[in-house]
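What the coordinates show
One letter stands for each residue in the lines below.
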Amino acid sequence: MARHQAADRSVDAAASEPARWSPRGWWARRPAIPPEAAARALAQVSDGVLIADMRQQGHPIVEVNPAFEVITGYPAAEAIGKNCRYLQGSDRLQPEIAEVRAALQEGRGCSVTLRNYRRDGTLFRNALRLVPLRNKAGRATHFMGLIRDVTHAAGIDRLTGLLDRYGLLDRLAAIGAGAPASLLLIKLDIVRFHDVNSGFGYDAGDALLRAAASRLAALPALAVARVDTNSFALAFELDDPDGAAGTVDEVLDILRPRFLLPGASLAVKFAAGFAVGATDADPLQLVRQAGAALQRSKAQAGHAPHAFAAADEREARNRIRLASELQTAVANQELFFHYQPQVDLASGDLVGAEALLRWDHGAFGLQPPDRFIGVAEETGAILEIGAWGLRTVAAYAARSNRNRHVPIRFAFNVSALEFTRRDMLAFVDRVLDETGCRAEWLTLELTENLMLPEPGPVRRAFADLRQRGVELSIDDFGTGYSNLRYLESFPLSEIKVDRSFVRDVADSPAKRVIAESIVKLGAALDIRVVAEGIETEAERAIMRTLGCSVGQGFLFAKPLDEAQFQTWLDRS
Ligand code: C2E
Ligand code: MG
Ligand code: MG
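The rules behind these values
- Residues numbered from 1 in each chain as written.
- Chains lettered and ligands numbered in written order.
- Predicted model: local features only at pLDDT ≥ 70, side-chain atom pairs only at ≥ 80, totals over all residues.
- Heavy atoms only, no water.
- Helix = DSSP H or I, 4+ residues; strand = E, 2+ residues; numbered from the N terminus.
- Buried < 20%, exposed > 50% of the residue type's maximum accessible area, 1.4 Å probe, protein only.
- Contact = heavy atoms within 4.5 Å.
- Areas by Shrake-Rupley, 256 points an atom, 1.4 Å probe, with all protein chains shown as cover.
- Pairing = 2+ DSSP bridges.
- Axes fitted to C-alpha atoms, helices over the stretch in contact; angles between N-to-C directions.
- Near = heavy atom within 4 Å.
- Polar contact = N/O pair within 3.5 Å; in protein donor to acceptor, adjacent residues only side chain to side chain.
- Parallel < 35°, antiparallel > 145°, perpendicular 65-115°, else oblique.
- Nonpolar A, V, L, I, M, F, W, Y, C, P; charged D, E, K, R; others polar.
- Core = buried A, V, L, I, M, F, W, Y, C linked by side-chain atoms within 4.5 Å.
- Phe/Tyr/Trp six-rings, centres within 6.5 Å; stacked < 30°, edge-to-face > 60°.
- Patch = residues over 30% accessible without salt bridge, like charges linked within 9 Å, V, L, I, M, F, W, Y side chains within 5 Å.
- Salt bridge = Lys/Arg side-chain N within 4 Å of Asp/Glu carboxyl O.
- Lys, Arg positive; Asp, Glu negative; His and termini not counted.
- Charge placed at Lys NZ, Arg CZ, Asp CG, Glu CD.
- Donors = N, O, S within 2.8 Å, 3.2 Å for Na, K, Ca; no water.
- pLDDT = per-residue confidence, 0-100.

**Digging into the overall build of the chain**
A tally of helices and strands in the chain yields 22 helices and 21 strands. Scored against the burial criterion, the 572 residues of the chain give a buried share of 46%. Pairs at least 24 apart in sequence give 61% of the contacts found in the chain among residues at least 6 apart. Carbon and sulfur atoms form 52% of the exposed surface of the chain, whose accessible area is close to 28200 Å².

Put into structure tokens, the structure is as follows:
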């Protein structure tokens, strides 16, 4: 009790001398704080506190408070005796550490934010304040470290320096308080970002994110954030809500020039969704709405920017529902194939068919693959669907070719995930064996992203499949980020020129040049070239003139059900 009074008096004394008050002065005049009171005070503060003894070798920790134990996960008994460096783990190359070292040497305080690691190995950002505790002679005998976990509170994305998702929400809430105008929220996604990482390496992926961030940061936005690996969000104040689309176009314009990355120069596509709301509306709601609109943009070919409409939220909910119902679609026999004829462009003969997946959903009706393949890949349901699908198509191919004079090829779309998760060779072998389908009747179509230089096991599987006689095709050729050079290093039998080059080939000299160079490349490498999406006679004639041997598209036939396709089989 007597000690408490002593402490109180010293505070009173300080308060009664405001003119001369300074922390250092108060500290110097204070009577010794009773140890139990100090311990009680330390137990109450929410910052972690550690005290290190600078007089002992290795500057061991001699005291920590309960908040320290909570933040770091280390109980006092484990922390005491260690040098506080141990919180950095092996992550020693942080510029801030040099500042800490200098402060300790000079016996002065400092404030830095460090990457530290909890006892379970997880990272936290430590806003550390170091305070020297001096003896009467002014020598720093101890250091007190105040530890604050700012992992999320900081609101800054380390990679790009933009706001992170927490920072964005804080900023939006702060805007809402004052401004009268309306708010535009834009969400952007780098299309097929995964291809950049797997094709050019994570350094290039990171460089792309930073370069995109620095272009976005130059815009007069109220907030710019990276809210997910390859997603950005921007908020703009709008005087006129009708100006939203124009602002979105301006944002996309600055992202249009090619990005120069280590080892690559890339034209990068961004999908965009946006929503407009009152500045005092719930910011979370606006972010959600822009996100739902972004999903729509991503689902459409061309990824044009999409304005949020109430239907999009329903759509987002439906996606979640689709994802869960897809798990049982195979078992419930709701999936089946349509077959689209492929014809010889010179003779018009039927030479093959592409199997295209359809889902007859009980409540939503017939679903095209673009609506659910992405979801199936995200949830892994594609593995079961793909396994069932290949069996189904191989069995159909065997049935269709059994009595044919000249057999036709059946093309099946394989998802990248199947190639990396499954022993494709063993699986294909088993399917051929079970169904009686011959290897050369089967063509596996892969989108361009699998061709990227991460060859290893995928390339080996390709080679083994080709050895067996199964054909391999690159789908949607020309739309990915990959380099044409990779073509020669993969044992391919077919390229499918993407629909976007075939369309308008009659009118656009540029598209014609691209289509022509792909056809020439195929000829040089002895690879069959198939033109996708031929809709007009003009497109057919030009593709044929360019030297393309096979075509597929609405001009010849839409994807057909088995009964309709049978008439094609019978006719040829
Ligand atoms: P894809 O493999 O490039 O298939 C061609 C798509 O173009 C089909 O769309 C087809 O209906 C459409 N198409 C064909 N000719 C024309 C034309 O002349 N004009 C236009 N505008 N479109 C044409 P669909 O059936 O909606 O399939 C979309 C995509 O879904 C496919 O693109 C493929 O990537 C994927 N897919 C389809 N079936 C499967 C499957 O069984 N497994 C996997 N993993 N993906 C599949
Ligand atoms: Mg295909
Ligand atoms: Mg295609």
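**With respect to the sheet that holds strand 1 (residues 48-53)**
Two strands in a sheet stick together by hydrogen bonds in their backbones, pointing the same way (parallel) or opposite ways (antiparallel). One open sheet holds the five strands; their spatial order is 2-1-5-4-3, and the pairing between them is antiparallel. Strands with a single pairing partner mark the edges of an open sheet, and in this sheet they are strand 2 (61-64) and strand 3 (110-117). Across the sheet, the mean angle from the axis of one strand to that of its neighbour is 30 degrees, orientation sign disregarded. Two strands pair when backbone bridges link them, and strand 4 (residues 123-134) and strand 5 (residues 140-149) are joined in this way by nine bridges, in the antiparallel orientation. Looking at strand 5, one finds that R134 is bridged to A140.

**Topic: the site of ligand 1**
Among the 22 residues in the neighbourhood of ligand 1, the closest are listed as E354, D475, R499, E535 and F554. L357 places a main-chain nitrogen or oxygen 3.1 Å from a nitrogen atom of ligand 1. In the complex, the protein chains occlude 84% of the 790 Å² of accessible area that ligand 1 would expose alone. Here the shell around ligand 1 gets four residues from one element, more than from any other, and that element is strand 14 (residues 350-361).

**A closer look at the environment of S400**
Summarising the element assignment, S400 is placed in helix 14 (residues 381-401). In this structure, the C-alpha to C-alpha distance between S400 and D570, residues 170 residues apart in sequence, is 9.8 Å. Discounting residues that sit within four places of it in the chain, S400 has contacts with F410 and L569.

**Focus: the packing of helix 8 (residues 193-200) against helix 9 (residues 202-217)**
Relative orientation and spacing of two packed helices are given, respectively, by the angle between their axes and the distance between those axes. The geometry of helix 8 relative to helix 9 is characterised by a closest axis approach of 6 Å and an angle of 140 degrees between their N-to-C directions. Between helix 8 and helix 9, the angle falls in the class oblique. Each of F193, V196, N197 and F200 in helix 8 lies in contact with helix 9, whose residues at this interface are Y202, A204, G205, L208 and L209. Of the residues belonging to the contact of helix 8 with helix 9, the class tally is seven nonpolar, two polar and no charged.

**Quick look at the nonpolar core**
One recurring pattern in soluble globular proteins is that nonpolar side chains are buried together. Counting 75 residues, the largest nonpolar core has Y339, F410, F419, L444, L465, M543 and F565 as the members making the most contacts within it. Among the elements that line this core, the one with the most residues is helix 14, at ten residues. What L444 contacts, discounting residues up to four positions off in sequence, is L390, F412, V414, M424, V428, L465, V470, E471, L472 and S473. Listed in part, the 33 residues of the second largest apolar core include I186, L216, A244 and V248.

**Some points on the packing of aromatic side chains**
Within the structure shown, the criterion is met by 13 aromatic pairs. With centroids separated by 6.4 Å and ring planes inclined at 45 degrees, the aromatic side chains of F259 and F270 adopt a geometry described as tilted. Placement of F259 in strand 9 (residues 259-261) and of F270 in strand 11 (residues 270-278) is noted, with a sequence separation of eleven residues between them. Overall, F259 belongs to the buried group, its relative accessible area being 0%. Seen in terms of ring centroids, Y339 and F410 are 6.0 Å apart; in terms of plane orientation they differ by 85 degrees. Their pairing is edge-to-face.

**Remarks on a negative patch on the surface**
There is a patch of like negative charges on the surface, built from E237, D239, D240 and D242. Given a relative accessible area of 41%, D240 falls into the partly exposed group.

**What about the coordination of the magnesium ion (ligand 2)?**
Note on metal geometry: ideal angles are 109.5 degrees for four donors arranged tetrahedrally and 90 or 180 degrees for six donors arranged octahedrally. Within the protein, the magnesium ion (ligand 2) binds to E354 (OE), N413 (OD1), E445 (OE) and D475 (OD); these donor distances fall in the range 2.0 to 2.2 Å. Read N to C, the donor residues that coordinate the magnesium ion (ligand 2) are spaced as E-x58-N-x31-E-x29-D. The metal-metal distance between the magnesium ion (ligand 2) and the magnesium ion (ligand 3) is 4.1 Å, with D475 coordinating both. Taken together, the residues span a long stretch of sequence, with N413 in strand 16 (residues 409-413) and D475 in strand 18 (residues 471-477) at a distance of 62 residues. The exposure class of N413 is partly exposed, given its relative accessible area of 28%. Relative accessible area serves as the criterion here: at 6%, D475 is assigned to the buried category.

**Observations concerning the confidence of the model for the chain**
Across the chain, the average pLDDT comes to 85, with 90% of residues at or above 70. When pLDDT is averaged over each helix and strand of the chain, the minimum, 37, is found for helix 1 (residues 2-15) and the maximum, 98, for strand 16. Predicted confidence for residues 1-28 stays below pLDDT 50, and this span has 15 contacts to residues more than four positions away or in other chains.

**Regarding the sheet that holds strand 6 (residues 182-190)**
Strand order in the open sheet formed by five strands is 7-8-6-11-12, with mixed pairing between adjacent strands. Sheet topology places strand 7 (223-228) and strand 12 (306-307) at the edges, where each strand pairs with a single neighbour. Note: strand 11 against strand 12, two bridges, orientation parallel. Across the sheet, residue G273 finds its bridge partner in strand 12, namely H306. Each of strand 6, strand 7, strand 8 (231-238) and strand 11 is contacted by helix 9, which is oriented at about 5 degrees to strand 8, the strand it contacts most.

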